[in-house]
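Remarks on the overall topology
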Amino acid sequence: MTDKIRANPRALGIEYAIRDVVVAAQRLERRGEKVLKLNIGDPCQYDFQPPKSALEGVVEAMEMGLNGYAPSQGIPEVLEEIEKYERWRGSGIPKEKILVTAGVTEAIQFTYFSLLKEGDEILLPDPTYPPYITYAKMLGVKPVLYECNEEEGWMPVEESVRSKITERTRALAIINPNNPTGALYDEKTVRMLGDIAGEHSLPVISDEIYCQITFTGWDAPSTARVLKDIPVITYNGMSKIFLAPGWRVGYMGIKDDEGVLDEVWDGIMKQARARLSPSSIAQWGYMRALQGDKGFLKEFVKKLDRRRGIFVKRLREMEGVSTTEPLGAFYIFPRIEIREPWRDDKDFVLSFLEEEKTLAVHGSGFSPYQGAWHFRMVTLPEEGIIEEGMNRLERFLKRHIKG
Ligand SMILES: Cc1ncc(COP(=O)(O)O)c(C=O)c1O
């Protein structure tokens, strides 16, 4: 074997905490242990499935003969429906500037690859959804994390955002609601971030994949609607609101009245054509879900609200951890208040797994800074499972708190 065949160190350096801890859980499972999983943000792993309208849409597409490649940008009827959804959200993003993707994940890749070059910097919330960091590193781009205030529900700290901007900054990203913290930004907060972006002529990337999963009575505002004069790249899709992450359908839309992002859009569309098309049948199912009855979503959010309530109550009763109340998405991000006997939050999570057969994700996987000494659990499981998970955590903490 010649040593010319070496992997790209950037590929070897990829970490994805959410899946990495699963390897440890699988080792336990191979030993015949049953692991209680509170780690994966996939509603279908619990008691949720996509709405009937979506399922019927996929069957309809297959029967209609939509089995070939779709247009690279997306099927025209699907683009029209997404345009309608964005009109309802208030962004007014036109279908000409919408691209159907294999989930928001592909949209992030396309955006980064077109917008960012080696040596550039991108501003991300601290903590953040890990691929925003991973893909930056793969391109030789520096992810720069702006502070969010845990005591204030993980709201972005204006001075921190300002202080992190350099001449190499190329974009400011917002995840609203946020994964892993469940922070939900109101219009004022979005405007604050937009004002800073505007002052520095930066486009805003807005991940709105959880926008209708909120517990406040109002949806996460469309950033493109709130920030009228600033170029905004919006992400959204099927995975969370319509409960089918495995279908791999999402979209990106650009609101950019002055054409500042024309070249970037061109670079994105070139990538889209090079990858042929997203799944034809899945996007048709997404379209039918967008058109269909939304009663399921109300039920979903109601259930999540109850489940999140159990987490908050139980965690606040426990010694050794504290938590903010998530206002959106389906995660909770408690802080570990005691240090010993663990080396760090990953050690905490792996010890909890080993001793109590329960899987969470270590917070430093979402940020080495503000994620440290935290862990993330999903609020998706049924109430009995949550209670059991909380009993185990309580037992685990009691065992280790010296008293
Ligand atoms: C903030 C955020 N964006 C994007 C994604 C992935 O979305 P998709 O399934 O559409 O690729 C996730 C998944 O957990 C997420 O939390």
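Residue positions are given per chain, counting from 1 as you read along its sequence in written order. Selection of residues for local features in this predicted model requires a pLDDT of at least 70, selection of side-chain atom pairs for listing and counting requires 80 or more, and totals for whole chains, interfaces and linings are taken over all residues. Side-chain numbers here rest on the full set of heavy atoms in the structure, without hydrogens or water.

Quick notes on helix α10 (residues 262–274)
- In this model α10 runs 18 Å from its N-terminal to its C-terminal C-alpha over 13 residues, within 8% of the 18 Å that 1.5 Å per residue would give.
- For every residue, the accessible area obtained with a 1.4 Å probe (protein chains only) is divided by the maximum for its type, and the residue is called buried under 20%, exposed over 50%, and partly exposed between those limits. Helical segments are the DSSP runs of H or I of at least four residues, strand segments are the runs of E of at least two, and each set is numbered from the N terminus. For α10, the full list of buried residues reads Val-264, Trp-265, Ile-268, Met-269, Gln-271 and Ala-272. Taken end-on, α10 shows its buried residues confined to a sector of 155°, consistent with a single buried face. What points out from α10, more than 90 degrees from its buried face, is the exposed set Glu-263, Lys-270 and Ala-274. By definition here, a helix of n residues has an expected span of 1.5 Å times n minus one. In this context, the arc is that of the directions from the helix axis out to the C-beta atoms.

Examining the packing of helix α5 (residues 103–115) against α10
- Where helices are involved, their axes are fitted lines through C-alpha atoms of the stretch in contact, as for all axes, and angles between N-to-C directions lie from 0 to 180°. Relative to each other, α5 and α10 sit at 130°, their axes nearing to 8 Å. Classed by the angle they form, the pair α5 and α10 counts as oblique. For α5 against α10, the interelement crossing comes out right-handed. Counted together, Gln-109, Phe-110, Thr-111, Phe-113, Ser-114 and Leu-115 of α5 and Glu-263, Val-264, Gly-267, Ile-268, Gln-271 and Ala-272 of α10 form the full contact between these two elements.
- For this scheme, ten residues count as nonpolar: Ala, Val, Leu, Ile, Met, Phe, Trp, Tyr, Cys and Pro. Four count as charged, namely Asp, Glu, Lys and Arg, and the remainder, Gly too, count as polar. For the contact of α5 with α10, the residue count by class is six nonpolar, five polar and one charged. Throughout this description, any angle smaller than 35 degrees is read as roughly parallel, any larger than 145 degrees as roughly antiparallel, any in the 65 to 115 degree range as roughly perpendicular, and the remainder as oblique. A crossing counts as left-handed when the near helix is turned anticlockwise from the far one by less than a right angle, and as right-handed when that turn is clockwise. Whether two residues are in contact is decided by their heavy atoms: any pair within 4.5 Å suffices.

Considerations on the domain arrangement of the chain
- All domain edges in this entry derive from an automatic or database-based domain assignment. Entries for the chain in the domain assignment read domain 1 (9–49 + 295–400) and domain 2 (66–291).
- Computed over C-alpha atoms only, the centres of domain 1 and domain 2 are separated by 26 Å.
- Take the accessible area each of two parts loses on contact, using a 1.4 Å probe, and add the two losses: that sum is the buried area. Carbon and sulfur atoms supply 63% of the area that domain 1 and domain 2 bury against each other, a total of about 3100 Å² over both sides.
- Its largest share of buried area at the contact with domain 2, domain 1 owes to Arg-10, Leu-327 and Gln-370, together 21% of the area lost on that side.
- A side-chain nitrogen of Lys or Arg and a carboxyl oxygen of Asp or Glu constitute a salt bridge if their distance falls within 4 Å. Counting every contact that joins domain 1 to domain 2 gives three salt bridges.

With respect to the sheet that holds strand β2 (residues 98–101)
- Criterion used throughout: strands pair if DSSP finds at least two bridges between them. In spatial order, the strands read β2-β9-β8-β7-β6-β3-β4-β5; together these eight strands make up an open sheet with mixed pairing. The open sheet has two edge strands with one neighbour each: β2 and β5 (155–156).
- Sheet analysis places strand β3 (residues 121–126) next to strand β4 (residues 142–149), joined by six bridges and oriented parallel. If you follow Ile-122 over to β4, its bridge partner there is Pro-143.
- Set on the sheet, α10 makes contact with β2 and β9 (250–255); between it and β2 the angle comes to about 35°.

A few points about the site of the ligand
- By convention in these notes, a residue is near a molecule or strand provided one of its non-hydrogen atoms lies within 4 Å of it. Residues in close proximity to the ligand total 13 residues, the closest being Val-104, Thr-105, Asp-207, Tyr-210 and Ser-239.
- Each polar contact in these results corresponds to two N or O atoms within 3.5 Å; when the atoms are within protein, one needs to be able to donate a hydrogen and the other to accept it, and residues that are neighboring in sequence are counted only if both atoms are side-chain atoms. Contacts to the ligand include Tyr-210, whose side-chain N or O atom sits 2.7 Å from an oxygen atom.
- The Shrake-Rupley method, run with a 1.4 Å probe sphere, supplies the accessible areas, and residue values consider only the shown protein chains as cover. Burial of the ligand by the surrounding chains reaches 94%, relative to a free accessible area of 400 Å².
- Top element by residues in the shell around the ligand is α5. It accounts for three residues.

Digging into the sheet that holds strand β15 (residues 375–378)
- Strand order in the open sheet formed by three strands is β11-β15-β14, with antiparallel pairing between adjacent strands. Edge positions in the sheet fall to β11 (331–332) and β14 (361–362), since each has one partner strand and no second.
- When β11 meets β15, the two strands line up antiparallel, connected through two bridges. By the bridge assignment for β15, Tyr-331 is matched with Val-378.

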